[in-house]
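# Fold and contact review
Listed here are the chains, written in short residue letters.
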Amino acid sequence: MALPLVAVVGRPNVGKSTFVNRIIGADDAIVHEMRGVTRDRSYHEADWNGVTFTLVDTGGIEVGGDDDFQASITNQAFTATHEADVIVLIVDGKTGINADDEEVARLLRKSKKPVILAVNKLDTPNRYDGMYEFYSLGLGDPFPLSSIHGYGTGDLLDEVVKHLHETGAVERAEQEGVEDSGINVAIIGRPNAGKSSLTNKMTTGDRSIVSNVAGTTRDAIDTPVEHDGKRYTIVDTAGLRRKGQIDEDVEYYGFVRAMRAIDRADVAVLVIDGSIGLTDQDQRVARFALDRGCAMVIALNKWDIVDGPEAKLEIRERVQDRMMYVGYAPVVAISALSGKNVHKIWEAIDRAYANYSKTIPTNQLNAWLAEIRETGHTISKGKAMLRMKYITQTGTCPPVFTFFANRPDIVDDNYERYLENRMRKHFDLEGTPVRFKFKKKD
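Residue positions within a chain follow its written sequence, with the count starting from 1. Under the rules for a predicted model, residues below a pLDDT of 70 receive no local features and side-chain atom pairs below 80 are neither given nor counted, while totals for whole chains, interfaces and linings still include all residues. Hydrogens and water molecules were not included; the side-chain quantities draw on all heavy atoms of the structure.

## Some thoughts on the pairing of strand β1 (residues 5-9)
Each regular strand carries side chains that alternate between the two faces of the sheet. Only protein chains enter the area calculation, which uses a 1.4 Å probe; residues under 20% of their type maximum are buried, those over 50% are exposed, and those in between are partly exposed. Helical segments are the DSSP runs of H or I of at least four residues, strand segments are the runs of E of at least two, and each set is numbered from the N terminus. Counting buried positions along β1 yields five of five residues, so the element is predominantly enclosed. Burial along β1 is two-sided: the residues Leu 5, Ala 7 and Val 9 and Val 6 and Val 8 are all buried. Two strands pair when backbone bridges link them, and β1 and strand β4 (residues 86-92) are joined in this way by four bridges, in the parallel orientation. Considered in β4, the bridge of Ala 7 is made with Ile 87. Strand pairing is defined by DSSP finding a minimum of two bridges between the two strands.

Okay, here's the thing in structure tokens:
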């Protein structure tokens, strides 16, 4: 499901990225004293008191001056007021209010979204004298915060969750998760790969704007459709390019909406421009979908203009070699513009979803595990040798399998890959990732 969205905004060097890292418990956001370091805006999943939400770290907002990017970055804050369910404005408690803080506050006061004012860098507990001048921003009671030490983060997150409930964002996300919208299919890929053309063919309409200008689609567009008696929701997303190349405010929030579309997708159709071949960007986009655990189909688009069988073979081999981490995804060559072989995309989606949601009986799994044990292939560490005793499926969408073993702590990535490859040869799991868990059983 698409999670509630919490945007973190503020001028440069007030500690937005440090705050984000504190909340998510990782160092994903780049932190540096140099102003303007965050231009690769980051998108993270966070959780507080049982409420899961998306946290977005934005670039520093500055008003005025001659920098060509400043007008765009200021507009980004205004765009955030439309996209976010809750906005956290972070200011610097050491330096006090400046003109940028006042201008950002003015923009945010115009929005109808909840805005929480956090006064950061108050690193000494219970010494908040410098906080009170921020009441003049007109955003209600400021929250004292030390992102470095973690002081005040709990109270701030309590307020975030309270507003997410009050606005209905949590309930909408939960309801969206249970509504029967059929199979959710996200059409993903880098800009100008032909995603909108494919969407238009699959929805027999022209709802998405099609252009040869990269980045035309700035929104994630949901289109309900019925095909051969089955219900689907097709989502055409903005092109996902490398985040370091995302400078425009509207394009960035298109990226966020695309990420949210992948979050709630059952199947992602990765569209690759066959006339160009596989690129690093295609591989990054595939990893987005892999990390979020949805099924996948790869569409080699514009296949009709790829010159000759040798060039086509080279592209297929390149995809096979460099996309091994999503080797379970079927590859379908199509022409979205003419509609050639688009029917095969439907077939691949159905197969991928069936495997994504399938349940394998426990007796069949343990018969397979017995065959694995008979081969004698296992791993050891020192005097300890891994003995696999039992397996059961503990989840679907994607399938999750739990192995019980004497020493689960010595299972490494190579052995997991071996088990996955053997499982895929034995069971039909085309199109879906699988997840393995290992638990101790004497």
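So, next bit.
## Describing the packing of helix α6 (residues 195-203) against helix α10 (residues 342-356)
Comment: axis = line fitted to C-alpha atoms, over the contacting stretch for helices; angle = value between 0 and 180 degrees taken between N-to-C directions. α10 packs onto α6 with a crossing angle of 80° between their chain directions and a minimal axis gap of 10 Å. As far as their axial angle goes, α10 and α6 are roughly perpendicular. In this structure, α6 uses Leu 198, Lys 201 and Met 202 to contact α10, whose residues at the interface are Val 342, Ile 345, Trp 346 and Ile 349. Residues that form the contact of α6 with α10 fall into these classes: six nonpolar, no polar and one charged. Relative orientations are named as follows: roughly parallel for angles under 35 degrees, roughly antiparallel for angles over 145 degrees, roughly perpendicular for angles from 65 to 115 degrees, and oblique for any other angle. Two residues qualify as a contact provided that any one of their heavy atoms is within 4.5 Å of a heavy atom in the partner residue. Only Asp, Glu, Lys and Arg are considered charged in this grouping, and only Ala, Val, Leu, Ile, Met, Phe, Trp, Tyr, Cys and Pro are considered nonpolar; every other residue, Gly among them, is considered polar.

## Considerations on the sheet that holds strand β16 (residues 400-405)
The three strands lie next to each other as β15-β16-β17, forming an open sheet whose pairing is mixed. On the outer flanks of this sheet lie β15 (388-395) and β17 (435-440), each paired with one strand and no other. This sheet shows a mean twist of 25° between the axes of neighbouring strands, independent of strand direction. Where β16 lies against β17, six bridges are found, and the strand directions are parallel. In the sheet register, Phe 403 faces β17, and the bridge partner there is Phe 438.

## Details of the packing of aromatic side chains
Only centres within 6.5 Å qualify two rings of Phe, Tyr or Trp (six-membered ring in Trp) as a pair; their planes then separate them into stacked at under 30 degrees, edge-to-face at over 60, and tilted for everything else. Enumeration according to the criterion identifies 11 aromatic pairs in this entry. Taken together, a centroid distance of 5.1 Å and an interplanar angle of 15° make the contact between Phe 403 and Phe 438 stacked. Here the residue Phe 403 occupies a position in strand β16, and Phe 438 occupies one in strand β17, the gap between them amounting to 35 residues. The residues Phe 403 and Phe 438 share a single accessibility class, namely buried. Taken together through their ring pairs, the aromatic side chains of Trp 368, Phe 401, Phe 403, Phe 427, Phe 436 and Phe 438 make up a single cluster.

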